Amino acid sequence: MGAVLKILQDLLELQSVDVRLHDVRARLAAFPKKISELDARIAAAKAELEQSKAAQLATIKDRKKYELDVEQYKERVRKYKDQTAQIKTNEAYKALQHEVQMAEEEIAKAEDRLLEQMVASEEYDRRIKAAEKRLKEVEESVRGQRATIDSEKAAAEKDLALVEADRARVTAEIPEDMLDHYERIAKKHGGVSLAEVSDEKCTLCGMQIRPHVFQKMRRTDSQEMFHCETCTRILYYIEPTAVPPDDPKPQVSGASASSSSEN
Ligand SMILES: [Zn+2]
């Protein structure tokens, strides 16, 4: 195998390692968001419970106030009635009767409000119980999901270590200038710096490869490395019959150098 073909094959292997590296990094990058989503679910369930408890507390406070109102107006009515014995004039009597009536109306109002608050309080009790139940359910479900995430994360970290070791092994085979060249193109093209030629076209951008270039690419003793004139990626060609089914490594041929191959 020519030196160029060996490099192409190593670069191709590096690219497949880099695709895995990209995947495993994407998997790892997704965990913080998943974890904060779980935290947010618990926080929302807790907030709902707190809200119901606060509303209940406010109701109890109101209820005490209305109870006190009722007591005060009742006390007033008692006083007025005690005074009735000492009343001398009809007008004074009428005025006192009016005061009693007003106080009794206030009692009725306060009792109505008290009743409303008691009904509301029962409703808040129900809400608190429901919110507590819901919080428990959410916590349980989050615990399960969190355990899954933790084990997925541990697996992804293990995969990362494996892929990084693979990358170190593959890059050790590649001359440094070729590695730089590969990295530069990869950076520009979303991590993919090699493009397969199929039907005499660059499969990644669709550019037609010129016939004489394609002929050169197919030579297994090619000493040239070719690049796509349009997307600048390193081109490789796999002869349809050149890959035995049990060979894991595709047999690569080289590609077409062009003026626009590198910038
Ligand atoms: Zn291309």
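Here the structure is shown first, and the text comes after it.
Structure report, in brief. Please read all numbers here as calculations on a predicted model, not as lab measurements.

Rules behind the numbers
Residues numbered from 1 in each chain as written. Predicted model: local features only at pLDDT ≥ 70, side-chain atom pairs only at ≥ 80, totals over all residues. Heavy atoms only, no water. Core = buried A, V, L, I, M, F, W, Y, C linked by side-chain atoms within 4.5 Å. Buried < 20%, exposed > 50% of the residue type's maximum accessible area, 1.4 Å probe, protein only. Helix = DSSP H or I, 4+ residues; strand = E, 2+ residues; numbered from the N terminus. Patch = residues over 30% accessible without salt bridge, like charges linked within 9 Å, V, L, I, M, F, W, Y side chains within 5 Å. Areas by Shrake-Rupley, 256 points an atom, 1.4 Å probe, with all protein chains shown as cover. Salt bridge = Lys/Arg side-chain N within 4 Å of Asp/Glu carboxyl O. Expected span 1.5 Å × (residues − 1). Arc of directions from axis to C-beta. Contact = heavy atoms within 4.5 Å. Axes fitted to C-alpha atoms, helices over the stretch in contact; angles between N-to-C directions. Parallel < 35°, antiparallel > 145°, perpendicular 65-115°, else oblique. Left-handed = near helix turned anticlockwise from the far one by under 90°. Nonpolar A, V, L, I, M, F, W, Y, C, P; charged D, E, K, R; others polar. Donors = N, O, S within 2.8 Å, 3.2 Å for Na, K, Ca; no water. Tetrahedral: all angles 85-135°; square planar, octahedral: opposite > 155°, others 65-115°.

**Focus: the nonpolar core**
Here comes step 1: Counting 38 residues, the largest nonpolar core has L8, L11, L14, I174, L194, M225 and I234 as the members making the most contacts within it.
Here comes step 2: Residue assignment for this core shows that the elements contributing at least two residues are α1 (3-84), α2 (90-171), α3 (176-188) and β3 (234-237).
Here comes step 3: In terms of residues, this core owes the most to one element, α1, which gives 17 residues.
Here comes step 4: One finds C202, I209, V213 and Y237 within the second-largest nonpolar core, a separate group that totals 12 residues.

**Re a nonpolar patch on the surface**
Here comes step 1: There is a patch of nonpolar side chains on the surface, built from L115, M118 and V119 and spanning about 290 Å² of accessible area.
Here comes step 2: Here M118 is to be found in helix α2.

**Overview of α3**
Here comes step 1: With 13 residues, α3 extends 19 Å from end C-alpha to end C-alpha; this agrees with the ideal 18 Å at 1.5 Å per step.
Here comes step 2: Residues of α3 that are buried: M178, L179, H181, Y182, I185 and A186. The buried residues of α3 occupy one face: seen down the axis, they fall within an arc of 160°. Turned more than 90 degrees off the buried face of α3, the exposed positions are E176, D177 and K187.
Here comes step 3: Those residues of α3 that are buried are in contact with α1, α2, β1 (194-198) and β3.
Here comes step 4: At the C-terminal side of α3, G190 shows a positive phi close to 60°.

**Re the packing of α1 against α3**
Here comes step 1: Contact pair α1 / α3: the axes reach a minimum separation of 11 Å and the direction vectors enclose 45°. What the angle tells us is that α1 and α3 run oblique. Note on packing geometry: the crossing formed by α1 with α3 is right-handed. Counted together, I7, L11, L14, Q15 and D18 of α1 and M178, L179 and Y182 of α3 form the full contact between these two elements.
Here comes step 2: Split by residue class, the contact of α1 with α3 holds six nonpolar, one polar and one charged.

**Let's talk about unusual backbone geometry**
Here comes step 1: We note that E200 has phi near 60°; this positive angle belongs to a residue other than glycine.
Here comes step 2: Looking at the element boundaries, E200 is found in the loop between β1 and β2 (201-202).
Here comes step 3: Its identity as a non-glycine residue notwithstanding, T232 has a phi of 70°, on the positive side.
Here comes step 4: Counting through the fold element by element, T232 comes out in the loop between α4 (211-217) and β3.
Here comes step 5: Overall, T232 belongs to the buried group, its relative accessible area being 9%.

**Focus: the coordination of the zinc ion**
Here comes step 1: Those protein atoms acting as donors to the zinc ion are C202 (SG), C205 (SG), C228 (SG) and C231 (SG), and they sit at 2.3 Å.
Here comes step 2: Around the zinc ion, the four donor atoms sit at angles spanning 97 to 118°, and that spread fits a shape best called tetrahedral.
Here comes step 3: Summarised as a motif, the one-chain spacing of the donors to the zinc ion is C-x2-C-x22-C-x2-C.
Here comes step 4: A relative accessible area of 0% places C228 in the buried class.
Here comes step 5: A relative accessible area of 6% means that C231 is categorised as buried.

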